[in-house]
Amino acid sequence: LKVVLLLRLSPLVPYNFFNIFMGITSVKLKDYCMAHIAMLPETIICCFIGGTISHIYQLTQKNNNKSVKALFITITVIGTLIAFCGIYSISKVA
(Lines give C-alpha, C1' and ligand atoms only; values in the text may rest on other atoms or scores of the structure.)
Protein backbone atom coordinates (compact mmCIF):
# COMPACT_ATOMS: atom_id res chain seq x y z
CA LEU A 1 0.00 0.00 0.00
CA LYS A 2 2.86 2.40 0.82
CA VAL A 3 4.50 2.03 -2.58
CA VAL A 4 1.22 2.47 -4.44
CA LEU A 5 0.37 5.48 -2.27
CA LEU A 6 3.75 7.13 -2.89
CA LEU A 7 3.54 6.49 -6.63
CA ARG A 8 0.09 8.11 -6.71
CA LEU A 9 1.44 11.04 -4.72
CA SER A 10 4.32 11.59 -7.14
CA PRO A 11 3.56 14.06 -9.93
CA LEU A 12 6.25 12.41 -12.08
CA VAL A 13 4.26 9.21 -12.71
CA PRO A 14 1.56 9.62 -15.40
CA TYR A 15 -1.79 8.14 -14.38
CA ASN A 16 -2.26 6.11 -17.56
CA PHE A 17 1.05 4.28 -17.25
CA PHE A 18 0.53 3.85 -13.53
CA ASN A 19 -2.87 2.24 -14.06
CA ILE A 20 -1.49 -0.17 -16.66
CA PHE A 21 1.49 -1.00 -14.45
CA MET A 22 -0.75 -1.71 -11.46
CA GLY A 23 -2.94 -3.95 -13.63
CA ILE A 24 0.06 -6.01 -14.68
CA THR A 25 1.50 -6.42 -11.17
CA SER A 26 0.04 -8.37 -8.28
CA VAL A 27 -1.25 -5.37 -6.33
CA LYS A 28 -4.44 -6.07 -4.45
CA LEU A 29 -7.53 -4.20 -5.59
CA LYS A 30 -8.07 -2.90 -2.05
CA ASP A 31 -4.58 -1.33 -1.94
CA TYR A 32 -4.99 0.14 -5.40
CA CYS A 33 -8.34 1.73 -4.52
CA MET A 34 -7.14 3.04 -1.14
CA ALA A 35 -4.15 4.70 -2.80
CA HIS A 36 -6.47 6.98 -4.75
CA ILE A 37 -6.61 9.13 -1.60
CA ALA A 38 -3.10 10.30 -2.52
CA MET A 39 -4.54 12.01 -5.61
CA LEU A 40 -6.46 14.50 -3.46
CA PRO A 41 -3.58 16.88 -2.60
CA GLU A 42 -2.59 17.28 -6.24
CA THR A 43 -6.21 17.76 -7.29
CA ILE A 44 -6.79 20.40 -4.62
CA ILE A 45 -3.58 22.23 -5.51
CA CYS A 46 -4.37 22.20 -9.24
CA CYS A 47 -7.89 23.52 -8.63
CA PHE A 48 -6.57 26.26 -6.35
CA ILE A 49 -3.88 27.31 -8.81
CA GLY A 50 -6.30 27.23 -11.73
CA GLY A 51 -8.82 29.32 -9.82
CA THR A 52 -6.34 32.00 -8.81
CA ILE A 53 -4.08 32.21 -11.86
CA SER A 54 -6.50 34.39 -13.82
CA HIS A 55 -6.78 36.77 -10.88
CA ILE A 56 -3.00 37.01 -10.61
CA TYR A 57 -2.73 37.59 -14.35
CA GLN A 58 -5.26 40.43 -14.13
CA LEU A 59 -3.27 42.01 -11.30
CA THR A 60 -0.08 41.95 -13.35
CA GLN A 61 -1.85 43.43 -16.38
CA LYS A 62 -3.56 46.24 -14.45
CA ASN A 63 -0.48 47.38 -12.62
CA ASN A 64 2.02 46.35 -15.29
CA ASN A 65 4.45 46.29 -12.42
CA LYS A 66 7.59 44.16 -12.64
CA SER A 67 7.74 43.78 -8.88
CA VAL A 68 4.38 41.95 -8.87
CA LYS A 69 5.66 39.54 -11.52
CA ALA A 70 8.89 38.98 -9.60
CA LEU A 71 6.94 38.35 -6.40
CA PHE A 72 4.71 35.85 -8.19
CA ILE A 73 7.72 33.97 -9.57
CA THR A 74 9.40 33.95 -6.15
CA ILE A 75 6.29 32.62 -4.42
CA THR A 76 5.90 29.94 -7.09
CA VAL A 77 9.50 28.75 -6.71
CA ILE A 78 9.29 28.71 -2.91
CA GLY A 79 5.99 26.83 -3.01
CA THR A 80 7.43 24.24 -5.38
CA LEU A 81 10.46 23.72 -3.14
CA ILE A 82 8.25 23.32 -0.07
CA ALA A 83 6.06 20.77 -1.86
CA PHE A 84 9.14 18.88 -3.08
CA CYS A 85 10.62 18.76 0.43
CA GLY A 86 7.31 17.59 1.87
CA ILE A 87 6.98 14.74 -0.63
CA TYR A 88 10.63 13.81 -0.08
CA SER A 89 10.20 13.66 3.71
CA ILE A 90 7.05 11.55 3.36
CA SER A 91 8.89 9.12 1.11
CA LYS A 92 11.79 8.87 3.59
CA VAL A 93 9.40 7.93 6.42
CA ALA A 94 7.65 5.26 4.34
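Look a little higher up for the structure.
In short, a report on the structure. Just so it is clear, the structure is predicted and the values come from calculations on it, not from any experiment.

What to know about the nonpolar core
Right, on to step 1. By size, the foremost hydrophobic cluster in this structure holds five residues: Val4, Phe18, Met22, Tyr32 and Ala35.
Right, on to step 2. Setting aside residues up to four positions removed in sequence, Ala35 forms contacts with Leu1, Val4, Leu5 and Arg8.

Regarding the environment of Gln58
Right, on to step 1. Within the fold, Gln58 resides in helix H4 (residues 39–63).
Right, on to step 2. Relative accessible area serves as the criterion here: at 46%, Gln58 is assigned to the partly exposed category.
Right, on to step 3. Through-space distance from the C-alpha of Gln58 to that of Val27 is 47 Å; in sequence the pair is 31 residues apart.

Remarks on the layout of surface pockets
Right, on to step 1. Considering only enclosed or pocket space, the largest pocket measures out at about 930 Å³ in volume.
Right, on to step 2. If you go around the largest pocket, you meet 28 residues; those closest to its centre are Ile45, Ile49, Gly79, Thr80 and Ala83.
Right, on to step 3. Elements that contribute at least two residues to the lining of the largest pocket include exactly H4 and helix H5 (66–93).
Right, on to step 4. Looking at which element gives the most residues to the lining of the largest pocket, the answer is H5, with 12 residues.
Right, on to step 5. Within the lining of the largest pocket, the residues separate by chemical class into 20 nonpolar, seven polar and one charged.

Calculation criteria
Residues numbered from 1 in each chain as written. Predicted model: local features only at pLDDT ≥ 70, side-chain atom pairs only at ≥ 80, totals over all residues. Heavy atoms only, no water. Core = buried A, V, L, I, M, F, W, Y, C linked by side-chain atoms within 4.5 Å. Buried < 20%, exposed > 50% of the residue type's maximum accessible area, 1.4 Å probe, protein only. Contact = heavy atoms within 4.5 Å. Helix = DSSP H or I, 4+ residues; strand = E, 2+ residues; numbered from the N terminus. 1 Å grid on protein atoms, 1.4 Å probe; cavity = no way out; pocket = protein on both sides within 12 Å on 5 of 7 lines; lining within 4 Å. Points joined across faces, edges and corners; volume = space filled by probe spheres on them. Nonpolar A, V, L, I, M, F, W, Y, C, P; charged D, E, K, R; others polar.

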